Amino acid sequence: MKKIMLNREVKREAYGGGFHFITALYEYLISEKYNVVFDLEENIDVIFMFDPRPSKGNDCVNSIYRYKLLNPKTKVIQRINDTDIARPLDPPWRIKLLLESNTIADHTVFISNWVKNHYIEEGFDTRKENTVIINGCNPEWYFPKKKEQLDKKNIKIITHHWSDNFMKGFDVYNFIDKNIKNFSNISFSYMGRYNKEYSPVNTNMIPSGYGIEIGDALRSHDIYVTAARWEACGMHHIEGARCGLPVLYHSDGGAIPEVCKNHGIEFNSNETFLSGLDNIIKNYDLIKSKIDYDYLSIDRCCKEYHKIIDAVLNK
């Protein structure tokens, strides 16, 4: 039985999308009869490095580097899922640290082409083995409701976020809140944590949830909106679309346009948000029909990671 080490823990609670991915991958690997561990034990075949930093006892890149020196047959897969771009107020460190950590990686997985291209610009050596694998979500939680006609007299829009980073789109969500009262047939809901600069008055506020709670909330709406900027990939819009909601997304969404271009409408300002909303309502059934539920599933995602594991073990 092959032994695989994950350098971040499993979390089964309301949390960021990165940990939900780790949890899903852990459960998939267990189902495929791998021995999955979370510490640098003896005889590890593959180390997944999700984050090079130390955290709550999790092994960091320095520990992994020392382990690999003593165990050269052990392979390291690094998943790169972040940039500094969406955090303009933070000192930049992510790209620099992740590129430095990449020196020990046998294979690199980028979570979008948008992320990969940024790292290439910063000096990533494309001769190194690398793959782009877009995120997916749990089909047991995120699935479409039975086909229903859009009730144009009662259109329900929703977004949800775990992060309270202002770049999640709170400027647009404030605009929606101020203007939604002008539409007697449209309502807007926000689910999750939110930024202190967000002060909604006309928005339906829904507390953070986990798993099927989020899926049920999304399925009770018709259209998903994300105004997030410079997302490395994101999970929120994937969860929304997999619940059968066409997506209205910001053109500066980073990897979001890459994922949503076939089942959504783009906007780039408050004015084009309104015209985009009108467009998505008029073409609702057509846009909804283009949602690729298999593509948005964590099953597809985990199978692609499985191929990488086989590739590095057989190299």
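Before going into details, it helps to say that this report is about the structure given with it. Treat the numbers as computed from the prediction; the structure is a model and nothing was measured. (Residues numbered from 1 in each chain as written. Predicted model: local features only at pLDDT ≥ 70, side-chain atom pairs only at ≥ 80, totals over all residues. Heavy atoms only, no water.)

## Quick notes on the overall build of the chain
- Of the regular secondary structure elements, the chain holds 11 helices and 12 strands.
- Computed over C-alpha atoms, the radius of gyration of the chain comes to 20 Å, within 12% of the 20 Å expected from 2.2 N^0.38 for 315 residues, which places it in the range of a compact globule.
- Counting only C-alpha atoms and orienting by the principal axes, one finds that the chain spans roughly 65 × 40 × 35 Å.
- Here the chain holds 315 residues, and the buried ones make up 53% of them.
- Counting contacts in the chain only where the partners sit at least 6 residues apart, residues at least 24 apart contribute 68% of the total.
- For the chain, the computed accessible surface area is about 14800 Å², with 49% contributed by carbon and sulfur atoms. (Helix = DSSP H or I, 4+ residues; strand = E, 2+ residues; numbered from the N terminus. Rg over C-alpha atoms; globule rule 2.2 N^0.38 Å. Buried < 20%, exposed > 50% of the residue type's maximum accessible area, 1.4 Å probe, protein only. Contact = heavy atoms within 4.5 Å. Areas by Shrake-Rupley, 256 points an atom, 1.4 Å probe, with all protein chains shown as cover.)

## Brief notes about the sheet that holds strand E8 (residues 186–192)
- Spatially, 6 strands are ordered E9-E8-E7-E10-E11-E12 in an open sheet, and the strand pairing comes out parallel. In this open sheet, the two edge strands, each paired with only one partner strand, are strand E9 (204–206) and strand E12 (264–267). Each neighbouring strand pair of the sheet contributes to a mean axis angle of 25°, computed without reference to strand direction.
- Pairing between strand E7 (residues 155–161) and strand E10 (residues 223–226): 2 bridges, direction parallel. Across the sheet, Ile157 pairs through a bridge with Ile223, a residue of E10. (Pairing = 2+ DSSP bridges. Axes fitted to C-alpha atoms, helices over the stretch in contact; angles between N-to-C directions.)

## Here we look at the pattern of salt bridges
- Tallying each qualifying case throughout the model produces 16 salt bridges.
- A salt bridge links Asp82 to Arg94, with the shortest nitrogen-to-oxygen separation between them at 3.4 Å. One end of the pair, Asp82, is in the loop between strand E4 (75–80) and helix H3 (94–101); the other, Arg94, is in helix H3, with 12 residues separating them in the sequence.
- A relative accessible area of 8% means that Arg94 is categorised as buried.
- Of the charged contacts in the structure, one is a salt bridge between Lys96 and Glu100, with a shortest N-O distance of 2.7 Å. Within this pair, Lys96 and its partner Glu100 are both found in helix H3, separated by 4 residues, close to a single helical turn.
- Overall, the relative accessible area of 57% leaves Lys96 in the exposed class.
- Judged by relative accessible area, Glu100 falls into the partly exposed class, the value being 44%.
- By sharing partners, the salt bridges in this structure join Asp82, Asp84, Arg87, Asp90 and Arg94 into a single network. (Salt bridge = Lys/Arg side-chain N within 4 Å of Asp/Glu carboxyl O.)

## Things to note about the layout of surface pockets
- Computed from the structure, the second largest pocket encloses a volume of approximately 410 Å³.
- Looking at the second largest pocket, it is lined by 21 residues, and the ones nearest its centre are His20, Ala24, Glu27, Asn138 and Ile298.
- Breaking the lining of the second largest pocket down by element, the ones donating at least two residues are helix H1 (17–31) and helix H11 (298–313).
- A total of 7 residues in the lining of the second largest pocket trace back to one element, the largest contributor, which is H1. (1 Å grid on protein atoms, 1.4 Å probe; cavity = no way out; pocket = protein on both sides within 12 Å on 5 of 7 lines; lining within 4 Å. Points joined across faces, edges and corners; volume = space filled by probe spheres on them.)

## Concerning the sheet that holds strand E2 (residues 35–37)
- Spatially, 6 strands are ordered E2-E1-E3-E4-E5-E6 in an open sheet, and the strand pairing comes out parallel. Edge positions in the sheet fall to E2 and strand E6 (130–132), since each of these pairs with one other strand and no more. Between one strand axis and the next, the sheet turns through 20° on average, direction left out of account.

## Re helix H6 (residues 212–219)
- Inspection of H6 places Ile214, Gly215, Ala217, Leu218 and Arg219 among the buried residues, and these make up the whole buried set.
- For H6, the elements touching its buried residues are E7, E8, E10 and helix H7 (236–242).

## Focus on the nonpolar core
- Core analysis: the largest hydrophobic core is formed by 59 residues, its most contacted members being Leu29, Phe48, Tyr119 and Tyr305.
- Residue contacts for Phe48: discarding those within four places in its chain leaves Ile4, Met5, Leu6, Asn7, Leu25, Ile77, Tyr305 and Ile309.
- Ile157, Phe170, Ile223 and Ile281 belong to the second-largest nonpolar core, a separate cluster that totals 25 residues. (Core = buried A, V, L, I, M, F, W, Y, C linked by side-chain atoms within 4.5 Å.)

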